[in-house]
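Notes for the structure review
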Amino acid sequence: MESLVVVSGLLPYNSGKTFFTLALADYLRSSGYSVGVVKPVAAHSFWEQYKYFLESRELGVLVGEDVVRYVRAGFIYDIDLQNPVDVMTAPHDLMKHPSLDSYLTSLTSLVDQAVLVRVSSGGRRSYYVVTNNLSRLSDHLLSEIREFAVSLGRVEEVDNAWLYSKLASKEVDSIITESTSSILSRHDVTLCESFSNALIPAFGLRTLVKHVIVVTPSKALVYGPGKVATYLSTLNKTRAETLFLVMLFKPDMVVSVKPSLTHSGVLKGEEARELEDFLLASK
């Protein structure tokens, strides 16, 4: 039986989901398991990850740092299938906002900063440029992003209200669920990295998830099938943040995550073996 483990972040940013997922995938692979990784929804900043914007230009596909790291580690081999939704953001130009408060508020919203989006499904990539957000960029940023968008071929112009509806739609939920199910069927265990502090990346995955690992700096809280099934059976959009699971349920395991320059070897020893047994006890 295939095992789907969702890795979620307790914090909206910088929980350490990708680092931990790479460490766990590397450990399980070294233990002889076939390991799949999916990052259904990825968001990355043009400004903070400019190197990977340039890499996107070379590859001819919009992609961010986390997915590139999975590709280089050999866990993602089909970007469109394993990362069907990608959102590139860019910070607005302060001088193009009516007030400082307006500018600072825009920096807290993914949808308000989104400028270019890829949705992959059925072997086809659809790209969307978010025009009202683009119009608030500095001229040199706008020019570079526009040039890249043109190189991608047909790109549909949308606004951020349309984008919000698109990302929350049943269509995108189904794309994520189907792509994850496809990877799940090919491996002993599939690790699904959620986005931001969302508990799961799509509602359609509720019946497939066996374990949830909540990552926060220095700790990983591990929840087994009983608590996961109980919580996900009542999940709705008002309780979709990881925070609520942690508030309601005590974790079945707590794993230490130590700082390291690389993910390799972060999980080791008795604690790692206990985590392996807990995640794959039924296999």
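Scroll up a little and you will see the structure.
Residues numbered from 1 in each chain as written. Predicted model: local features only at pLDDT ≥ 70, side-chain atom pairs only at ≥ 80, totals over all residues. Heavy atoms only, no water.

**Examining the packing of aromatic side chains**
Evaluation of the coordinates by the stated rule reveals six aromatic pairs. When the centroid spacing of 5.2 Å and the interplanar angle of 80 degrees are considered together, the rings of F53 and F148 count as edge-to-face. Residue F53 is located in helix α2 (residues 50–59), and its partner F148 is located in helix α8 (residues 139–151); the two are separated by 95 residues in the primary sequence. For F148, a relative accessible area of 3% corresponds to the buried category. When the centroid spacing of 4.9 Å and the interplanar angle of 45 degrees are considered together, the rings of Y128 and W162 count as tilted. (Phe/Tyr/Trp six-rings, centres within 6.5 Å; stacked < 30°, edge-to-face > 60°. Helix = DSSP H or I, 4+ residues; strand = E, 2+ residues; numbered from the N terminus. Buried < 20%, exposed > 50% of the residue type's maximum accessible area, 1.4 Å probe, protein only.)

**Side note on the sheet that holds strand β10 (residues 219–223)**
Judged by pairing direction, the sheet is mixed, and its six strands sit side by side in the order β2-β8-β1-β9-β10-β11 without closing on themselves. If you trace the sheet from one side to the other, it starts and ends with β2 (35–38) and β11 (253–256), each paired once. For this sheet, the mean angle separating the axes of adjacent strands, direction not counted, is 20 degrees. Where β10 and β11 come together, four bridges link them in antiparallel fashion. Bridged to K219 within β11 is S256. (Pairing = 2+ DSSP bridges. Axes fitted to C-alpha atoms, helices over the stretch in contact; angles between N-to-C directions.)

**As for the sheet that holds strand β5 (residues 114–121)**
With mixed pairing, five strands are arranged side by side in an open sheet as β3-β4-β5-β6-β7. Strand pairing shows two members of the sheet lacking a second neighbour, β3 (41–45) and β7 (155–158), which therefore form its edges. In this sheet, adjacent strand axes meet at a mean angle of 20 degrees when their direction is disregarded. The sheet contact formed by β3 and strand β4 (residues 85–89) spans five bridges and is parallel. Pairing of A42 across the sheet is with D86, part of β4.

**Describing the packing of helix α1 (residues 17–30) against helix α13 (residues 269–280)**
Running from N to C, α1 and α13 cross one another at 85 degrees; their axes reach a closest spacing of 11 Å. Considering their axes alone, α1 and α13 lie roughly perpendicular with respect to each other. On the side of α1, the interface is formed by F20, L24, Y27 and L28, while α13 contributes A272, R273, L275, E276, L279 and L280. (Parallel < 35°, antiparallel > 145°, perpendicular 65-115°, else oblique. Contact = heavy atoms within 4.5 Å.)

**Topic: α2**
Think of an α-helix as 3.6 residues a turn; residues three or four steps apart then line up on the same face. All buried positions along α2 are accounted for by Y52, F53, E55 and S56. Buried residues of α2, seen end-on, are gathered within an arc of 160 degrees and therefore sit on one face of the element. In α2, the exposed positions that point more than 90 degrees away from the buried face belong to K51 and E58. Buried residues along α2 sit in contact with α3 (65–72), β4 and α8. Positioned one or two residues after α2, G60 has a phi angle of 75 degrees, which is positive. (Arc of directions from axis to C-beta.)

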